[in-house]
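Observations on the three-dimensional arrangement
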Amino acid sequence: MARTYDLTEGKVSKLILAFYFPMLFTNLLQQIYTIADTAIVGKGLGDNALAAVGNMSSLTFLIIGFSLGLTIGFSVTIAQNYGAKDYSRMRKAIASSIKLAVVIAVLLTAISIIFLEDILILLDTDKKIIGDSLLYGYIIFGGLVSTIAYNLCASVLRALGDSKTPLIAIIASTIINIGLNSITVFVMKTGVEGPAAATIIAQVVSAGICYSKLRKIEIVRLSRKDFATDFSMYGNLMKNGIAMALMNSITAVGTMVIQYFVNGLGLAYTAAYSACSRYLNLFMDPACTAGFAMSSFTSQNYGAKKYSRIKEGLRVCLIIAFITYAALGSIMVFLPETISGFMLNEQESIKIAAQFLPICGVTIFAVDFLFVFRSGVQGMGYPFIPMCSGIAEMVMRITVIVLFIDELGFRATAYAGVAAWVAALLMNGIAFAVYLRRKLREERGASKSMKSRRALKAC
C-alpha cells in the first residue's frame, strides 16, 4: 500500500530537504528537457525554427501557467485538510478538483486553438516564423489535457508530501521526450511538429505514472459520494485556484508585451531572448522548487494549526534560495557568451544574449526570495496578495519596457524583469510577515489558555 508523508511532525529542516530534493530533480529535469528541446530545434532546424518555438513561450506560459496555477491552488485546500487529518473532506477536495480540471481543460483547449493565429499576429510575429509557431502551438494546445492531468496528479501527490513519484514520472518523460525529439528532427527530418508531438507523448506518460501512484493510496481512494456536488468546496477550491491562475496569466501578459517589443527588434533578438528565457527559467528553478516546498509545508502545518513551524520552514527555504542565487547567478554574470553558445548558432544572437544574462545574474535573488514568500502566503490560504503582485509584475514590466526600450535597447527587457521581481517581492514579503504574526499570536494565546486550564485542574 502506498504511503503519504506528514510534514506536521518531525525536524523541520530534515522534512523540507527530504521533500525538496526529489522535487528539485523533477523540476530540473523538466527544464533540462526544455533546454534539450531548444538545443535540438536550434541545432537541428536552425535559428528561425528556434525563434518560432521561442516565440510561443510567453503564450504557452499564459495558457499552461493558468492551468498550473489552478492545480497548485487546488492542492492548498487538499494539503490543509490532510494536515488537519480530515480525510473525508480531503477526498471531497480531490474529487471536486478533478471535475473542475476537466471543465477547465476543455475550455482552455478550445480558446487557445481558436485564437492562436490572432494572438501571434497581435504579437507582431515575423512572417518567416509564424507558420512554424502556429504548427507548434496547435499541437501543444491540442494536447493540453495531458498537461493538466499531470499537473493535477503531481500537485495532489505533493500536497500529501510525496515529491518522489513526480520525479520518477519526469525521469521517464524526459528520456522519452529527448529520445523522440532526436528521432523526429535528426532521423525523420520533421519540422517543429516533431518536438511538439514528443512533448505531448511525454506528458501522457508522466500523467499516467502519477495517476497510478494515487490509485494505490488508501486514504485518497474516491467513491461516488466524494464526487457529489458541493458548491462550498467548489468555492473554496476556486478561491485559491483562480487567484493563482490569474497571477500566472497576468504575469504572462507582461511577458507577452516584452515578446512583442523583442520581435520588433528582429529575428536575431527573438532567438536570443528565447535562449535567455530558457536559461533564466533553469536558474530560477531551485528557488522555485523551494517555493513549492514552502507551499506544501505551510499548507499542511496551517491546517494542523502549527504556525511556529511555518516560521522555521521559511528560514530553511530562504537559505536554500540564497545558496542557489550565489551559485547560479555567478554563471550568468561570468559566462554569458559561453552558455548562450550552447543553444545559438549565430554570433550576433550570442552577443545579444550576453547583454541580458549578467543583469539578471546579479539581481535574480529578488525572484528567488519572491518564490518562497509568495508560496508561504498561498499556503496559508491567502491568494489575494499573490494575485495583486502578479498585476504589479505586469505593470512594472510594461512600464519599464515602454519607457526604456529606445534608450537601453535589448537590455531593457532584463531591467523590466528585475523591476517586476522587486515589486512582487515587497508585496508578498510584507503580507507573509503580517499574516504569520497574526497566527503566531493566536498560537501563543491558545498555548497560554491551555496551560491555565491545566493549572486549574491541578488545583
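Here the structure is shown first, and the text comes after it.
So, here is what we can say about the structure in this document. Starting from 1, residues in each chain are numbered consecutively following that chain's sequence as written. Reporting in this predicted model follows two pLDDT cut-offs: at least 70 for local features of residues, and 80 or more for side-chain atom pairs to be given and counted; totals over whole chains, interfaces and linings ignore these cut-offs and use all residues. Water and hydrogen atoms play no part in the side-chain values, which are based on all heavy atoms of the structure.

So, the overall build of the protein
Where we set the bar: Only runs of H or I of at least four residues qualify as helices and only runs of E of at least two qualify as strands under DSSP, and these elements are numbered from the N terminus. Our radius of gyration is a C-alpha quantity, and the globule rule it is checked against amounts to 2.2 Å times the number of residues to the power 0.38. Exposure categories follow from relative accessible area, calculated using a 1.4 Å probe and restricted to protein chains: below 20% of the type maximum is buried, above 50% is exposed, and the middle band is partly exposed. We call two residues in contact when some of their heavy atoms are within 4.5 Å. Areas reported here follow the Shrake-Rupley algorithm with a probe of radius 1.4 Å; residue values treat only the protein chains shown as occluding.
Per the secondary structure count, the protein includes 16 helices and zero strands. For 459 residues, the compact-globule estimate of 2.2 N^0.38 gives 23 Å, and the C-alpha radius of gyration of the protein, at 22 Å, lies within 12% of that figure. Projected onto its principal axes, the C-alpha positions of the protein cover 85 × 45 × 35 Å. Per-residue burial over the protein gives 58% buried out of 459 residues. Of all intrachain contacts in the protein linking residues separated by at least 6 positions in sequence, the fraction that spans at least 24 positions is 85%. Carbon and sulfur atoms make up 67% of the accessible area of the protein, which totals about 18,700 Å².

Some words on the packing of aromatic side chains
Stated precisely, the cut-off is as follows: Any pair of Phe, Tyr and Trp rings, taking the six-membered ring for Trp, is counted once the centres come within 6.5 Å. Such a pair is stacked with planes under 30 degrees apart, edge-to-face with planes over 60 apart, and tilted for the rest.
With the rule as written, the count across this model stands at 17 aromatic pairs. Between Y273 and F410 the ring centres are 6.3 Å apart and the planes differ by 90 degrees, which places this aromatic pair in the edge-to-face class. Of the two residues, Y273 is situated in helix 10 (residues 267-303) and F410 in the loop between helix 15 (384-408) and helix 16 (411-458); the sequence distance between them amounts to 137 residues. The residues Y273 and F410 share a single accessibility class, namely buried. Pairing Y325 with F365 gives two aromatic rings, centres 5.6 Å apart and planes at 70 degrees, and the pair type is edge-to-face.

Quick look at the layout of surface pockets
Unfilled space is identified by rolling a water-sized probe across the atoms. Threshold: A cavity here means a set of points on a 1 Å grid, drawn over the protein atoms and nothing else, where a 1.4 Å probe fits but cannot get out; a pocket is an open set with protein on both sides within 12 Å along at least five of seven lines, and a residue lines either one if it has an atom within 4 Å of a point. Grid points are joined across faces, edges and corners, and a volume is the space filled by probe spheres set on the points. Lys, Arg, Asp and Glu make up the charged group, whereas Ala, Val, Leu, Ile, Met, Phe, Trp, Tyr, Cys and Pro make up the nonpolar group; the residues left over, Gly among them, are polar.
There is about 450 Å³ of room inside the largest pocket. Mapped onto the lining of the largest pocket, the elements with two or more residues apiece are helix 4 (87-122), helix 6 (144-159) and helix 8 (193-215). Looking at the lining of the largest pocket element by element, the count peaks at six residues for helix 6. By residue class, the composition of the lining of the largest pocket is 16 nonpolar, no polar and two charged.

Focus on unusual backbone geometry
Look at K85: it is not a glycine, yet its phi comes out positive at around 65 degrees. The residue K85 is located in the loop between helix 3 (57-83) and helix 4 in this model. For K85, a relative accessible area of 40% puts it in the partly exposed group. A positive phi angle, close to 60 degrees, is found at K305, a residue other than glycine. With respect to the helices, strands and loops of the structure, K305 is situated in the loop between helix 10 and helix 11 (307-334).

What about the side chain of T298?
Tracing the sequence through the fold places T298 in helix 10. Ignoring any residue separated from it by four or fewer positions in sequence, one finds T298 in contact with I310, G376, G379 and M380.

Brief notes about the pattern of salt bridges
Cut-off, in case you're wondering: Every case where a carboxyl oxygen of Asp or Glu lies within 4 Å of a side-chain nitrogen of Lys or Arg is listed as a salt bridge.
Scanning the entire structure with this criterion turns up seven salt bridges. Taking the shortest distance from any N to any O, the salt bridge between E312 and R315 comes out at 2.7 Å. On the criterion of helical spacing, the pair formed by E312 and R315 is a turn pair, its members being three residues apart in helix 11. E393 serves as the salt-bridge partner of R374, at 3.2 Å between the closest nitrogen and oxygen. In this pair, R374 is assigned in helix 14 (residues 365-379) and E393 in helix 15, connecting sequence segments 19 residues apart. Its relative accessible area of 11% is what places R374 among the buried residues.

As for helix 14
Residues spaced three or four apart along an α-helix point in a common direction, a consequence of the helix completing one turn every 3.6 residues. Inclusion rule: Under the convention used throughout, the expected extent of a helix is 1.5 Å for every residue step, that is, one less than its residue count.
The end-to-end C-alpha distance of helix 14, which contains 15 residues, comes to 21 Å, matching closely the 21 Å that a straight helix rising 1.5 Å per residue would cover. Helix 14 sits mainly inside the fold: 13 of its 15 residues count as buried. Just downstream of helix 14 lies G381, where phi reads positive at about 85 degrees.

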